[in-house]
Structures are given as structure tokens and as C-alpha cells.
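The chain contents come next:
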Amino acid sequence: MSSSLSYEKDNNFCFPIPDALENSRPSKHAEALVQAFDENTWNYLSYGPFTSTEQFVEQFWEKGMRVNPATTSFTILDKTSPVNGEPAIAGLVSYINSSDQDACTEIGFVVILPKFQRTHVTSNMVGLLMHYALDLPEKGGLGLRRLQWVCNTKNAPSLKVAERMGFRFEGVLRWARVLPPSKAIGYKAAPERKGDPRSGKGGRDSAYSSCCWDDWEGGVRDWVDKVMTRTK
């Protein structure tokens with residue numbers, strides 16, 4: 001995977017980004033990503049859709065990710081299916097809601113391009129980010145205590161990924177976000193209160209799952225390594 005979606009490397013993230021996650025210039029990936037997004041890409045996410053590469057880079061990366069020390073993004077590269085000798089661009093993923101002080105981060109804004117859905121890509125990408133977040137520094141990781149996974153309760157594929165990768169379901173935070181009507185699939189509608197300042201907008205319930213350091217050391221690491229052996 002490679003970090004950032006502009007010409008500049010993300011030096012603002014609160015954690016160091018290792019060479020393993022920074023193995024090519026990300027500026028060349030934005031156009032390919034935008035061309036590969038489809039009408040379902042942004043159904044459950046607060047960002048998007050985007051109509052141009054410039055809009056994607058400016059709104060998602062420059063204004064949404066790079067300015068925030070708690071977030072950074074990566075292009076997902078699949079080395080098992082090269083295109084013209086280069087790893088195939090398979091999607092987008094981020095660390096968000098990160099805190100050095102509290103030793104935690106979250107895997108979020110996961111976008112797997114249609115061609116790579118239901119393949120090894122998701123498991124290997126999530127496993128790689130889990131290892132870096134939860135492995136101790138002596139093993140090349142950050143040694144964090146908590147890694148969380150938060151998604152729309154209507155997003156069944158995302159819930160299944162969290163379960164498959166060993167995250168423990170913790171509960172549902174109701175009305176956690178305000179969503180516009182354009183996010184119809186992930187939209188939670190309800191009778192409005194009179195005088196609601198966000199009249200005309202619905203919301204979403206968020207499902208919280210986590211993998212903490214003791215889960216990781218207690219067997220999840222071994223399970224993840226087993227899941228990551230999948231290559232198709």
C-alpha cells in the first residue's frame with residue numbers, strides 16, 4: 001500500500017508511516033481510483049461521490065485527511081495481479097480517529113474496487129494494518145492498545161469483514177451521524193422533531209467492534225495470519 005493521494009507525503013499523521021506502507025508515489029493513483037469507483041462506492045461513507053480527480057484529491061485528501069493528524073490514507077496495491085508490470089490498484093483505506101496519547105486507531109474509509117471484492121485483497125489489507133497497529137515495536141509495529149472498526153449498521157459486508165478478522169463486536173451507537181438524503185442506502189429516516197435544525201436530513205447508527213492488545217496476543221494475531229494466507 002502507499003500513503004496519501006497528492007504529490008506530498010503525509011508528514012502530519014500522529015504515527016510514523018513505515019516503508020512497507022509507503023512503497024510508491026501516491027500521486028499517480030488518484031486518477032485511476034476515481035475512474036474505478038462505481039455508483040455503490042460511497043453508499044455507506046460520509047465522503048463522495050466525486051466527479052473528478054481534482055475534486056477527490058482536494059475534498060477527500062487535502063481537506064479531509066492530510067490536514068488532520070489523526071488520519072492518513074493508503075492506496076491498496078495488489079501485487080498478485082500486476083498490470084504492465086506494476087501492482088494493480090485495488091482500493092483505498094485509512095487510519096482514522098488515531099491518538100498517540102491513548103494508543104489507539106481505527107481502520108476506516110475502506111473502499112475495495114469492484115474487481116477486487118470477495119477476493120484475498122480485503123483480508124490481506126486489513127491484516128497488514130492490524131499487524132502494524134497492534135504488533136509491538138520490537139516486531140515492527142506501533143504497539144497500540146486498541147484498534148477499532150466502526151461502520152454503518154446497514155453495511156453487512158463491512159460487519160462481516162470485522163467478524164472474519166477477529167474484531168469483537170461491542171455495540172451500536174444510535175444516531176451517531178447526520179446523513180444527507182443522497183446517502184439513501186445507508187440512510188436512517190424517522191419522523192422529525194418539530195424545529196429540528198437539521199430538518200430534511202437523516203442519520204446512521206454505527207456498529208462498533210474492536211481488537212485490543214490482549215485479544216491480539218490471545219490468539220487473534222495467529223488467526224489473522226491464517227486468514228492472510230489466502231491469495232485468491
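Throughout this document, residue positions are counted from 1 along each chain, in the order its sequence is written. Reporting of local features is limited, given that this is a predicted model, to residues whose pLDDT is at least 70; pairs of side-chain atoms are given and counted only at 80 or more, and all residues count toward the totals for whole chains, interfaces and linings. By convention in this description, side-chain values take in all heavy atoms of the structure and omit both hydrogens and water.

(A) Representation of the side chain of S99. The helix count covers DSSP runs of H or I at least four residues long, the strand count covers runs of E at least two residues long, and both are numbered beginning at the N terminus. Structurally, S99 can be placed in strand β3 (residues 86–99). The buried label goes to any residue with under 20% of its type's maximum accessible area, the exposed label to any with over 50%, and the partly exposed label to all in between, with areas taken from a 1.4 Å probe on protein chains only. Accessibility expressed as a relative area gives 19% for S99, which makes it buried. Distance and chemistry together define a polar contact, namely a pair of N or O atoms within 3.5 Å, with one atom able to donate a hydrogen and the other to accept it when in protein, and with adjacent residues in sequence counting only for side-chain atoms on both sides. Of note is the side chain of S99, whose polar atom sits 3.0 Å from the backbone nitrogen of D102. Note on definitions: a residue-residue contact is assigned when non-hydrogen atoms from the two residues lie within 4.5 Å. Here S99 is in contact with C14, F15 and C104, once residues within four sequence places are set aside.

(B) Quick look at the packing of helix α3 (residues 120–134) against helix α5 (residues 213–227). Axis lines are fitted to C-alpha atoms, over the contacting stretch for helices. Their N-to-C directions set the angle, which ranges from 0 to 180 degrees. Packing of α3 against α5 leaves a shortest axis separation of 10 Å and a crossing angle of 150°. The angle between α3 and α5 falls in the class roughly antiparallel. Seen from above, α3 lies across α5 with left-handed handedness. Here S123, G127, M130, H131 and L134 of α3 lie close against α5, whose contacting residues are W213, W216, V220, R221, V224, D225 and V227. All residues other than Ala, Val, Leu, Ile, Met, Phe, Trp, Tyr, Cys, Pro, Asp, Glu, Lys and Arg, Gly among them, are scored as polar; the first ten of these are nonpolar and the last four charged. Residue classes in the contact of α3 with α5 are distributed as seven nonpolar, three polar and two charged. Should an angle lie under 35 degrees it is considered roughly parallel, over 145 roughly antiparallel, and from 65 to 115 roughly perpendicular; all remaining angles are considered oblique. Crossing handedness: left-handed means the near helix sits turned counterclockwise from the far one by under a right angle, and right-handed means the same turn made clockwise.

(C) Region of interest: unusual backbone geometry. At the junction of G48 and P49, the peptide bond is cis and its omega measures out at 0° in the coordinates. Here P49 lies in the loop between α1 (30–36) and α2 (53–66). Not every positive phi belongs to a glycine, and W175 is a case in point at roughly 50°. The exposure class assigned to W175 is partly exposed, which follows from its relative accessible area of 44%.

(D) Structural view of the side chain of T71. Relative to the assigned elements, T71 resides in the loop between α2 and β2 (72–83). Among the residues examined, T71 registers a relative accessible area of 5% and is labelled buried. A distance of 2.7 Å separates the side chain of T71 from the backbone oxygen of M65, its partner in a polar contact. What T71 contacts, discounting residues up to four positions off in sequence, is D10, F13, G64, M65, Y95, I96 and N97.

(E) Summary view of the confidence of the model for the protein. Across the protein, pLDDT averages 89, with 93% of residues at or above 70. One confidence number per residue, pLDDT, is output by the predictor and ranges from 0 to 100. Per-element mean pLDDT across the protein ranges from 44 in strand β1 (residues 2–3) up to 98 in α5.

(F) Seen up close, the state of the cysteines. The disulfide criterion used throughout: a pair of cysteine sulfur atoms within 2.5 Å. Per the counting criterion, the structure on display carries zero disulfides. Cysteine C104 shares no disulfide, and the gap to the nearest cysteine sulfur, in C14, comes to 8.6 Å. Residue classification places C104 among the buried residues on the basis of a relative accessible area of 18%. Sulfur of C212: no disulfide; nearest cysteine sulfur belongs to C211 and is 6.9 Å away. You can call C212 buried: its relative accessible area is 17%.

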